[in-house]
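Structure assessment
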Amino acid sequence: MSWGMNNRLANLFNPQSGKTIFFAVDHGYFMGPTTGLKQLDKVINPLLPYMDALMLTRGALRQYVPTDMRVPIVLRVSGGTSILNKNLLHEGITVSMEDAIRLNAAAVAFSILVGAEFERDTLLGFTQVVNEAERYGIPVLAVTAVGKGLGKDARYLSLASRIAAELGARMVKTYYCDDFEHVVSSCPVPVVIAGGKKIPELDALTMARNAIQAGAVGVDMGRNIFQSENPVAMMQAVAAVVHKNVSVQEAFDLFNELKNH
Ligand code: 5RP
């Protein structure tokens, strides 16, 4: 790998723990002003000290993030459908590599949809991004989803994650599932978990800890942080799980202590 690729990847991780928290606020490209993301600058700024990377879209970066911000950017470069479309996640390339470089992206993120009838489109779009990103030493994060009705179990998520890695992903984001060890052990690049829909804080912390214990290198969490009753408290509780390997109860106690102050 080039010096630049190694440096960009290294900057995505906490040097002490070797793990990472991507704070994901890229949802607007298909969900619009979803709950908790209406005033994105007010969401992001108080959380900047606790995240290892910020995952968002080109427009959100330009409009909501100050240029002196020092957290690495994971730039969403796929899109093309909205929540109104029955073929949600039939995504293509929405940002050129030239613009990603101009925006100083530390990595770019592209969604593939394995198992959908249009999987080929998403996989070829993904590989086009990989081919261009590799020319400039920029890692590509594959965001894996699984076609409707295929379930989010280890069999399918390991399929999607391994396909992404074989096609050139430098990191993979997928969902946590039972037997997650199988997903991690069959994927040759680092795996982070998406938080998914908002669930109780205790359950989200349990999921994060289980994923780390199963070999994930971190989380790419959005809704379970910005839709929490106290996002700063929740982010710090997630960071305690990811970076300090604390128990779920300790993390939940920290959340409750911080949210009350
Ligand atoms: C949306 C995404 C998000 O980055 C990813 O799902 C993480 O966010 P959340 O924790 O809210 O699921 O890829 O398409």
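Residues numbered from 1 in each chain as written. Predicted model: local features only at pLDDT ≥ 70, side-chain atom pairs only at ≥ 80, totals over all residues. Heavy atoms only, no water.

Section: the site of the ligand
Near the ligand there are 16 residues, and of these Asp26, His27, Lys173, Gly222 and Arg223 occur at the shortest range. A distance of 2.9 Å separates an oxygen atom of the ligand from a polar backbone atom of Gly196. In isolation the ligand offers 360 Å² of accessible surface; the protein chains occlude 95% of this area. Of all the elements in the fold, those that place two or more residues in the shell around the ligand are helix H2 (28-31) and strand S10 (218-221). By residue class, the composition of the shell around the ligand is seven nonpolar, four polar and five charged. (Near = heavy atom within 4 Å. Polar contact = N/O pair within 3.5 Å; in protein donor to acceptor, adjacent residues only side chain to side chain. Areas by Shrake-Rupley, 256 points an atom, 1.4 Å probe, with all protein chains shown as cover. Helix = DSSP H or I, 4+ residues; strand = E, 2+ residues; numbered from the N terminus. Nonpolar A, V, L, I, M, F, W, Y, C, P; charged D, E, K, R; others polar.)

A word on helix H6 (residues 119-135)
Counted at 1.5 Å a residue, the expected span for H6 with its 17 residues is 24 Å, and the 25 Å between its end C-alpha atoms agrees. Among the residues of H6, Thr122, Leu123, Gly125, Phe126, Thr127, Val129, Val130 and Ala133 are the ones counted as buried. (Expected span 1.5 Å × (residues − 1). Buried < 20%, exposed > 50% of the residue type's maximum accessible area, 1.4 Å probe, protein only.)

Things to note about the side chain of Ser161
If you trace the backbone, Ser161 turns up in helix H7 (residues 154-166). Among the residues examined, Ser161 registers a relative accessible area of 0% and is labelled buried. With residues up to four places along the chain from it excluded, the contact list for Ser161 reads Thr144, Val172, Thr174, Val183 and Cys187. (Contact = heavy atoms within 4.5 Å.)

Things to note about the packing of aromatic side chains
Scanning all chains against the criterion turns up five aromatic pairs. A centroid spacing of 6.3 Å and a plane angle of 75° characterise the contact between Phe23 and Phe226, whose relative ring orientation is edge-to-face. Here Phe226 lies in helix H10 (residues 223-226) and Phe23 lies in strand S1 (residues 20-24), a separation of 203 residues in the sequence. Residue class for Phe23 comes out buried when judged on its relative accessible area of 0%. You can call Phe226 buried: its relative accessible area is 6%. (Phe/Tyr/Trp six-rings, centres within 6.5 Å; stacked < 30°, edge-to-face > 60°.)

What about the environment of Phe110?
With respect to the helices, strands and loops of the structure, Phe110 is situated in strand S6 (residues 107-114). According to the relative accessible area criterion, Phe110 is buried, its value standing at 0%.

Here we look at the nonpolar core
Core analysis: the biggest nonpolar cluster contains 77 residues, and Phe23, Val25, Leu54, Leu56, Leu75, Val108 and Phe180 have the highest contact counts within it. It is helix H11 (residues 231-244) that provides the largest number of residues to this core, a total of nine residues. In contact with Leu54, other than residues within four places in its own chain, are Phe23, Val25, Ile44, Val65, Met69, Val71, Pro72, Ile73 and Val74. (Core = buried A, V, L, I, M, F, W, Y, C linked by side-chain atoms within 4.5 Å.)

Quick look at the pattern of salt bridges
Overall, the coordinates contain 10 salt bridges when judged by the stated rule. Residue Arg162 pairs with Glu166 through a salt bridge whose shortest N-O separation is 2.6 Å. With Arg162 and Glu166 both in helix H7 and four residues apart, the pair spans about one turn of that helix. Judged by its relative accessible area of 38%, Arg162 is partly exposed. The class for Glu166 is exposed, based on a relative accessible area of 56%. (Salt bridge = Lys/Arg side-chain N within 4 Å of Asp/Glu carboxyl O.)

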